Amino acid sequence: MLYAILCYNSEDVVYSWPKEQDDAVMARLSAVQQKLAGSGRLGPVARLMPTTTATTLRKDREPALVVDGPFAETKEQLLGFYIVECEGLEQALETARELGNANPGGAYEIRPVSVLNPPGPGFDSKSGTR
Amino acid sequence: MTQAAWIEAALTSARPQAVAALLRYFRDLDTAEEAFQDACLRALRTWPQKGPPRDPTAWLVFVGRNVAIDAVRRRRKLQELPPEETLADVDDTESELVERLDSADYRDDLLRLLFVCCHPDLPAPQQIALALRVVSGLSVQQIARAFLVSEAALEQRITRAKNRIAASMVPFDTPSPAERTERLGVVATMIYLLFNEGYSSTAESVALRQQLCEEAIRLARLLLRLFPSEPEMMGLTALLLLQHARSAARLDAKGAIVLLEDQDRELWDRTLIAEGLALIDKAVRHRQPGTYQIQAAIAALHSRAAHAADTDWAQIDLLYAALERLQPSPVVTLNRSVAVAKTRGPEAALAMIEPLAARLSGYFHFHGAKGAYLQQLGRQDEARDAFQRAISLAGSAAEAAHIRLHLDQMAKTGPPPEGDRAR
């Protein structure tokens, strides 16, 4: 069985860490990840950019509405996610709209990925962040 | 992470919003600051035993408010505060408070607090010092070291600023949309000044300089989170991130400035660049260009060039032209001349900045750029004069050293000056 482990924390606090502290946390996490990878149990790991970079596509209306910022409602639940290579926000929105046409209702939050390990096959790594 | 480190980070991150909310209750900066300080002391005592509260900011506001009210009561010899254990157990009250302190309140509170620090009567250095002290919670010692002034002088500067603010307090009603936009603009300028203080300042210590830049980025991100649809806040945050991304490459081992075109681009922070580019993407969708967005777009073009030679100078020239239209200023024209020198040559660049001479005669970068164009045109004597003038106006040892490098280079490669034939 595959399990997703979703990470929640206070963004204010995490982005107030001095760099040394952030590095130290990442190093400790990396040790755990290596152990998991060693036993063949680790799938992709992603660190997302801050919520300020997020855009939300509300697809519960026609036409879908683009809103700045993360998905902030509490009446819907997180049901899944995609990792998609996009040239930029416009292409990401276009992709989300296409998915939304296939499955209207709810919303997609579109958030750039800061770090992805391992990078997916065939991904263009020119953004240099992974 | 140790619990102590977590608590410290939680207190640091809660400070801007908590002090802002307390300012709304007490309408006095000193009382708000003291209330927050007292709440932090209580947090340090009770959180390690009881665990951190669900919403640290709301906890600190609630406790800070009670402690301050109690202090007032005690001064009036009225009623004692309930013991700390009861206070720490604020879960029910806390959730009630969280509902009342919804994001709209926080948003206007924080904007008001920052705006108070930007009072138009206060000169820029006082605005920045005040924001660092009150909003960011840096110590007087830290700020004094960053500004290269004595602690006593800085303390005095902050007291004076606070007195001036107290004399003309900003209204506490909920601002109208127009007022909100105006406040955001003023606050954005202060955040940018704070960043520049860290980026180019007289502060000789790299660590301190970094801290000011990081603080500016933290405030910009926080504001953007509270005002998620403001394209200029996206632009400002992107601009700071893209410039800060180069910080590891900006100074060499000896602390001398490394020009953009000579920087080792491998040292640029790709994570910050990616975040900046993502924000520009978001801002562009609004089709409301502004000065921060344009400056961020210029910074982005530099970030996208793998080598200095790949830089899209023609596009940068166009962006500077747009910036000149939105915000005509001799400094913008001077910056544009750098792009013009690349696309149309040093002669055109020189012609562009010559009309600025009267207004920029006391500006280090004007004489530095003029010297560089003259040097490229082979007008060595005039170039030397311009460089000498730049050195006399340099704001830091690193700036002066950089210009001296030009002079040394001229001495080596240019026609040998009189009396120097032996070399």
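For the structure itself, look to the data block above.
Conventions adopted
- Residues numbered from 1 in each chain as written.
- Chains lettered and ligands numbered in written order.
- Predicted model: local features only at pLDDT ≥ 70, side-chain atom pairs only at ≥ 80, totals over all residues.
- Heavy atoms only, no water.
- Helix = DSSP H or I, 4+ residues; strand = E, 2+ residues; numbered from the N terminus.
- Buried < 20%, exposed > 50% of the residue type's maximum accessible area, 1.4 Å probe, protein only.
- Contact = heavy atoms within 4.5 Å.
- Areas by Shrake-Rupley, 256 points an atom, 1.4 Å probe, with all protein chains shown as cover.
- Salt bridge = Lys/Arg side-chain N within 4 Å of Asp/Glu carboxyl O.
- Expected span 1.5 Å × (residues − 1).
- Arc of directions from axis to C-beta.
- Polar contact = N/O pair within 3.5 Å; in protein donor to acceptor, adjacent residues only side chain to side chain.
- Buried area = accessible area lost by both parts, 1.4 Å probe.
- Nonpolar A, V, L, I, M, F, W, Y, C, P; charged D, E, K, R; others polar.
- Axes fitted to C-alpha atoms, helices over the stretch in contact; angles between N-to-C directions.
- Parallel < 35°, antiparallel > 145°, perpendicular 65-115°, else oblique.
- Left-handed = near helix turned anticlockwise from the far one by under 90°.
- Phe/Tyr/Trp six-rings, centres within 6.5 Å; stacked < 30°, edge-to-face > 60°.
- Lys NZ or Arg CZ within 6 Å of the ring centre and 35° of its normal.
- Core = buried A, V, L, I, M, F, W, Y, C linked by side-chain atoms within 4.5 Å.

So what's going on with the overall build of chain B? Residues and values would help.
From N to C terminus, chain B includes 21 helices and zero strands. The proportion of buried residues among the 423 residues of chain B is 52%. Of the contacts made within chain B by residues no fewer than 6 positions apart, 65% connect residues no fewer than 24 positions apart. Carbon together with sulfur atoms contributes 51% to the accessible area of chain B, which is approximately 19700 Å² in total.

Explain the pattern of salt bridges to me, and be specific about the residues and the numbers.
Applying the stated criterion across every chain, the model contains 24 salt bridges over all chains. A salt bridge links Arg225(B) to Glu11(A); the nearest nitrogen and oxygen atoms lie 3.4 Å apart. Taken together, the residues span two chains, with Arg225(B) in helix 11 (residues 206–226) and Glu11(A) in helix 1 (residues 11–14). Measuring nitrogen to oxygen at the nearest pair gives 2.8 Å for the salt bridge that ties Glu261(B) to Lys342(B).

Can you break down helix 9 (residues 151–167) of chain B residue by residue, with the values?
Residues and elements named next belong to chain B. The terminal C-alpha atoms of helix 9 lie 24 Å apart, and with 17 residues this matches the ideal 24 Å at 1.5 Å per residue to within 8%. Among all positions of helix 9, only Leu-154, Ile-158, Ala-161, Lys-162 and Ile-165 are buried. The buried residues of helix 9 all sit within an arc of 100° when viewed along its axis, so they share a single face. Within helix 9, the exposed residues directed more than 90 degrees away from the buried face are Ala-152, Asn-163, Ala-166 and Ala-167.

Provide a residue-level description of helix 14 (residues 270–284) of chain B, including the pertinent values.
In this model, helix 14 of chain B (15 residues) spans 21 Å end to end at C-alpha, consistent with the 21 Å of a helix rising 1.5 Å per residue. Most of helix 14 of chain B is tucked away, with 11 of its 15 residues classed as buried. Every buried residue of helix 14 of chain B is listed here: Leu272(B), Ile273(B), Ala274(B), Glu275(B), Gly276(B), Leu277(B), Ala278(B), Leu279(B), Ile280(B), Lys282(B) and Ala283(B). Tucked into the core, helix 14 of chain B has its buried residues touching strand 2 (55–58), strand 3 (65–68) and helix 3 (89–102) of chain A together with helix 11, helix 12 (231–244) and helix 15 (291–304) of chain B. N-capping of helix 14 of chain B is provided by Asp269(B), with a side-chain oxygen placed 2.9 Å from the backbone N of Thr271(B).

I'd like a description of the interface of chain B and chain A, backed by residues and values.
Interfaces are often described in size by the accessible area the parts lose on coming together. Contacts between the two partners involve 25 residues from chain B, matched on the other side by 28 residues from chain A. Approximately 2200 Å² of surface area, both sides summed, lies buried where chain B meets chain A, with 58% of it carried by carbon and sulfur atoms. For the salt bridge of Arg225(B) with Asp12(A), the shortest nitrogen-to-oxygen distance reads 2.2 Å. Counting across the chain B and chain A interface gives eight residue pairs in polar contact (both at pLDDT 80 or more). Where the side of chain B that touches chain A is concerned, the elements lending two or more residues are helix 1 (3–26), helix 11 and helix 14 of chain B. Here the side of chain B that touches chain A is built from residues that sort into 12 nonpolar, five polar and eight charged.

I'd like a description of the packing of helix 15 of chain B against helix 16 (residues 313–326) of chain B, backed by residues and values.
Residues and elements named next belong to chain B. Axis separation between helix 15 and helix 16 bottoms out at 10 Å; the angle between their running directions is 165°. Taken together, helix 15 and helix 16 sit at an angle that is classed as roughly antiparallel. With respect to the hand of their crossing, helix 15 and helix 16 are arranged in left-handed fashion. When helix 15 is examined against helix 16, the residues Thr-291, Ile-294, Gln-295, Ala-297, Ile-298, Leu-301 and His-302 are found in contact with a partner set consisting of Trp-313, Gln-315, Ile-316, Leu-319, Tyr-320, Ala-322, Leu-323 and Leu-326.

So, the packing of aromatic side chains: which residues are in play, and what are the values?
Summed over the entire model, instances satisfying the criterion amount to two aromatic pairs over all chains. The interplanar angle of 70° and the centroid separation of 5.3 Å between the aromatic rings of Trp47(B) and Trp59(B) together place this pair among those described as edge-to-face. With Trp47(B) in helix 2 (residues 29–50) and Trp59(B) in helix 3 (residues 56–75), this pair connects stretches of sequence that are 12 residues apart. Accessibility assignment for this pair places Trp47(B) and Trp59(B) in one class, buried. Both rings, one in Tyr192(B) and one in Tyr292(B), keep their centres 5.7 Å apart while their planes meet at 80°; by these two values the pair is edge-to-face. Of this pair, Tyr192(B) sits in helix 10 (residues 177–200) while Tyr292(B) sits in helix 15, placing them 100 residues apart in sequence. Given the relative accessible area of 16%, Tyr192(B) is considered buried. Its guanidinium or amino end placed over the ring of Tyr108(A), Lys59(A) lies 4.3 Å from that ring's centre, counting from NZ or CZ. The ring of Trp268(B) carries the charged tip of Arg246(B) above its face, separated from the ring centre by 5.7 Å.

Give me the lowdown on the nonpolar core, citing residues and values where you can.
All names here are of chain B. Core analysis: the largest hydrophobic core is formed by 100 residues, its most contacted members being Leu-60, Ile-191, Leu-223 and Leu-240. Broken down by element, this core gets its largest block of residues, 11 residues, from helix 1. If we skip the residues at most four places from it in the chain, Leu-223 touches Leu-110, Leu-111, Leu-114, Leu-184, Val-187, Ile-191 and Met-233. One finds Leu-334, Ala-341, Ile-353 and Phe-364 within the second-largest nonpolar core, a separate group that totals 23 residues.

Any details on the side chain of Glu399(B)? Residues and values, ideally.
Among the secondary structure elements, Glu399(B) is positioned in helix 21 (residues 397–413). Each residue touching Glu399(B), except ones within four places of it in the same chain, is listed here: Ile257(B), Phe364(B), His365(B) and Ala394(B).

Just give me the short version of the side chain of Ser16(A), but keep the residues and values in it.
On the secondary structure map, Ser16(A) appears in the loop between helix 1 and helix 2 (19–38). For Ser16(A), a relative accessible area of 15% corresponds to the buried category. Here the side chain of Ser16(A) touches Asp12(A) through a polar contact of 2.8 Å, landing on its backbone oxygen. Once residues lying within four places of it in the same chain are set aside, the contact partners of Ser16(A) are Ala9(B), Ser13(B) and Arg218(B).

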